[in-house]
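Residues per chain, in single letters:
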Amino acid sequence: MKLLYTFCLLFFITINSQAQNHPATANYDLKKKRLLIHTCSSYLYNSNQGSIDADSSVVLTCKAYKLPVSLAYDEGFNNGSYLIGNDLIEKGNIDAAKKLYLKSKGADKIKLALQLGIFYLFKPFTKPDDLKNANLYITDAVKISNELKIQKWQHESVMLLGKFYFQINNYPESKKCFLQVVNECRKQNDKAALAHALFNQASYQYDLDPEKEKILKEAEALFKTLGFEEKRLETKANLCTIYFWHGKINDAKKILYQNIADMRKIGFRQQQFGETTIAHIEAVQFNMKSALYYALKSVQTMESTKDYTFADIFYMRLGLMYLQMGHTDDAMKMAEKSIKYGQNVFSSGSWYKSFITATASLSAKGKNKEAIEYMNSITSHYPPPNKFDNMIMNFAYANCYWRIKNYGTAEKYFIKAGEAADALDSPQTYRDLCNTYSSIALFYANRQNLSKTKFYIDKVEALSKKYAKNYNSEALEMSLYKLDSLNGDFKSALVHHKLYKKFSDSLLDYSKNKQIEELRIQYETENKEQKIKQLDKETDLQQTALKKSKLLNTLSIWSLVLLALFLSLLYNRYRLKQRTNAELEFKEKEINQKNINLRHLLDEKEWLLKEIHHRVKNNLQTVISLLNSQSAYLENDMALSAIKNSQHRIHSMSLIHQKLYSSENISTINMPNYIKELVEYLRESFSLGQRIRFELKIDPLELDVAQAVPLGLILNEAITNSIKYAFPDNRTGMIYVTLQATTEDKYLLTIADNGVGFDANISNKKINSFGLSLIRGLSDDLDAAFSMENNNGTILKIEFSKEFPINEKRR
């Protein structure tokens, strides 16, 4: 029954733990989980284009994949083993973590200070009070690590301080902290620590800082040398982000291709984030065939791995590709899937873009009034959550009203879209702003409003100049063509018209491109085949169920017949069982009685053993008393000393038998208590007062009586010798006694004093005195290694095994 309860408990724990883990992270170690957090949060931060901060992206990722947020920040000191206070912080019990911090000391206090500092520092949209708390714990970590002078904790504390300065926009101090750690790691030639420090240094530098690329390349090379593949991929991804925002699109794309291949090699499954990024880059470069391929690939990767955590992202990207190539029905389907997952499963912030894609698909088919009604129904329940979504919503309204020739309402929404765009000026939103301004310019160009057309074209040129990027589109070229035509600059107008035709023809070709159509059909065919297979499976299951039903009917009839036979047999067995139970009960009573008798015998045996120990102790005390009486008739000092020594030796043995008699355990001796009492006896016997003091360090050990007796005699001889000879002329001093476990099955007894020590030139005869001979002989009995040395006094060391062949020695 106990076995059954244990099994049920283990089953419950297993099921519960599985419920708390995300299927997408199954079989992932800590390194791959951190790579997943970085890959996903980096994508979310960049794809949301400034609407959420980096820390919020990390929190969103960890919540979606059911991972602790701390994993994104504690890599330097959390290797997956037990980490003090980590469970409390993960559960949000910060008050308990703070109380634990006040009680902690040394390295544990630093670990907890770092965790609390990270908790407060990387909260989404950090408040002043959070920064104040973060500074308190980080400063404590720096102070304690400097006191302990442990370089690892000094480095971790200083780097966290650098992250704090970065968060409060004190960039010079932040750089100084990271540079200090990097320089120290270079001096020590510690490649792993240097790679970690360089990665952190680069991560907390602005993307436009020219040093960032150089630092990341050095870190990437070190991670490659060390074989830290996950960190290498993470570093390469950071390089990719820098290249992308610096306009080195092909370099960024190259890294993405390499990373996807390398992720496959190490068994990292979430390659869809890289694939959808490639699709975006290819679309920006007007490589629509490749863009569609990777958009489809990202969806296929997601569906094959069944990781639908952020499905709205990948369906959104595929829908956008279909829309750009004129496949409005497919665009609508993907947009609806994205919206469904974004609203009902987990939102990455992308589903709102899909809502605009769905609107644009209806508008492109000429259903502008339906598109407007659709937008009204969505925005009434889901108003735009941020400025970017507000911009694209107003832009979509404006286009729909423009197409139904309601120019006044269209202009109103274009103005709102332009105002929202003005508030979004950043490298992440550059292309979307240019698209918006170009479309507004085209609207005014068609209305022959030259000043407004030029105003919005100038905005596009200003943004391109500001971010040193080249932007072009069909809408911009048509706006420039109409502007030059109205101004009479026909030569320039012709150039712009040719470029416009190139764009429009290119997009028309893409919509009719056979290979692209094949890709689309291939994806649809695979989906249909999967549905057909599913239907076939369902049909097979129904047929199997029908066959089972017929078989069950036949079995039911025969079962009734067999049931009657079974009941009669069951009654017969019941009668037999009653007789058998009666016999078993009688035997059980006999066994119970025998067990009671055996228990009585065992209790009597234990009582007899205790009585033997008690009588041995009394006999030894009698011997001590006899020796004491004998000493009253002796005048020879050497004889008196010998008797006194014998009394001490006998007392050390008597004390063991006393312990065995008074203890519940009759086979082992508690060594801390025994040694303490033996030392106290010797102190009182020699009337030492405070002249000679003792320091005891005894591990909580339980030793067999066969070992305890020789150890007690050794302790008696060694301490007596130290008291008599180590401190002549009534000198003061210390005697140190330690008994500790050096390994799992080895113990070391050390008796040391800070007295005059023994004479190194003493004769062999003197060395082999009775006391020392006794110690050597007892050491041999224990199969122990005995050593004696001079080091600011005399030091005796006895190293012996936990178990020793006492029976073999006796034989």
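Residues numbered from 1 in each chain as written. Predicted model: local features only at pLDDT ≥ 70, side-chain atom pairs only at ≥ 80, totals over all residues. Heavy atoms only, no water.

**Some words on a nonpolar patch on the surface**
Point 1. On the surface, L560, L563, F566, L567 and L570 cluster together to form a nonpolar patch covering roughly 490 Å² of accessible area.
Point 2. By the element assignment, L570 lies in helix 26 (residues 514–631).
Point 3. A residue is classified by how much of its surface remains accessible, and L570, at 44% relative accessible area, is partly exposed. (Patch = residues over 30% accessible without salt bridge, like charges linked within 9 Å, V, L, I, M, F, W, Y side chains within 5 Å. Areas by Shrake-Rupley, 256 points an atom, 1.4 Å probe, with all protein chains shown as cover. Salt bridge = Lys/Arg side-chain N within 4 Å of Asp/Glu carboxyl O. Helix = DSSP H or I, 4+ residues; strand = E, 2+ residues; numbered from the N terminus. Buried < 20%, exposed > 50% of the residue type's maximum accessible area, 1.4 Å probe, protein only.)

**Remarks on the sheet that holds strand 4 (residues 733–743)**
Point 1. The 5 strands lie next to each other as 2-4-5-7-6, forming an open sheet whose pairing is mixed. With one partner strand each, in any of the chains shown, strand 2 (692–698) and strand 6 (785–790) form the two edges of the open sheet. In this sheet, neighbouring strand axes are inclined to one another by 10° on average, regardless of whether the strands run parallel or antiparallel.
Point 2. Here strand 4 runs beside strand 5 (residues 746–753); their pairing, made up of 8 bridges, is antiparallel. In the sheet register, T738 faces strand 5, and the bridge partner there is T750.
Point 3. Helix 28 (residues 671–685) contacts strand 2 and strand 4 of the sheet and is inclined by roughly 170° relative to strand 2.
Point 4. The sheet contacts of helix 29 (residues 705–725) involve strand 2, strand 4, strand 5 and strand 7 (794–801), and relative to strand 5 the element is tilted by about 20°. (Pairing = 2+ DSSP bridges. Axes fitted to C-alpha atoms, helices over the stretch in contact; angles between N-to-C directions. Contact = heavy atoms within 4.5 Å.)

**Observations regarding the pairing of strand 7**
Point 1. As judged from the 7 bridges shared by strand 5 and strand 7, these two strands associate in the antiparallel manner. Paired with K746 across the bridge in strand 7 is S801.
Point 2. Note that strand 6 and strand 7 share 6 bridges and pair antiparallel. Of the residues in strand 7, the one forming a bridge with F786 is I798.

**Considering the packing of helix 8 (residues 151–167) against helix 9 (residues 171–188)**
Point 1. Helix 9 packs onto helix 8 with a crossing angle of 155° between their chain directions and a minimal axis gap of 7 Å. It follows from the interaxial angle that helix 8 and helix 9 lie roughly antiparallel. In this structure, helix 8 meets helix 9 at a crossing whose hand is left-handed. Contact residues: Q151, H155, V158, M159, L161, G162, K163, Y165 and F166 in helix 8; Y171, E173, S174, C177, F178, Q180, V181, E184, C185 and Q188 in helix 9. (Parallel < 35°, antiparallel > 145°, perpendicular 65-115°, else oblique. Left-handed = near helix turned anticlockwise from the far one by under 90°.)

**What about the side chain of S338?**
Point 1. When you line up the elements, S338 lands in helix 17 (residues 328–344).
Point 2. At a separation of 2.8 Å, a polar atom in the side chain of S338 contacts the main-chain carbonyl oxygen of D312.
Point 3. In contact with S338, other than residues within four places in its own chain, are D312, Y315, M316, W351 and S354. (Polar contact = N/O pair within 3.5 Å; in protein donor to acceptor, adjacent residues only side chain to side chain.)

**Examining helix 23 (residues 450–466)**
Point 1. The first and last C-alpha atoms of helix 23 sit 24 Å apart over 17 residues, in line with the 24 Å expected at 1.5 Å per residue.
Point 2. Those residues of helix 23 lying buried are T453, Y456, I457, V460, L463 and S464. Along the axis of helix 23, the buried positions cluster into a sector of 115°, meaning they face one direction only. Projecting away from the buried face of helix 23 at angles above 90 degrees are the exposed residues S451, K465 and K466.
Point 3. Of the residues one or two after helix 23, A468 is the one with positive phi, at around 50°. (Expected span 1.5 Å × (residues − 1). Arc of directions from axis to C-beta.)

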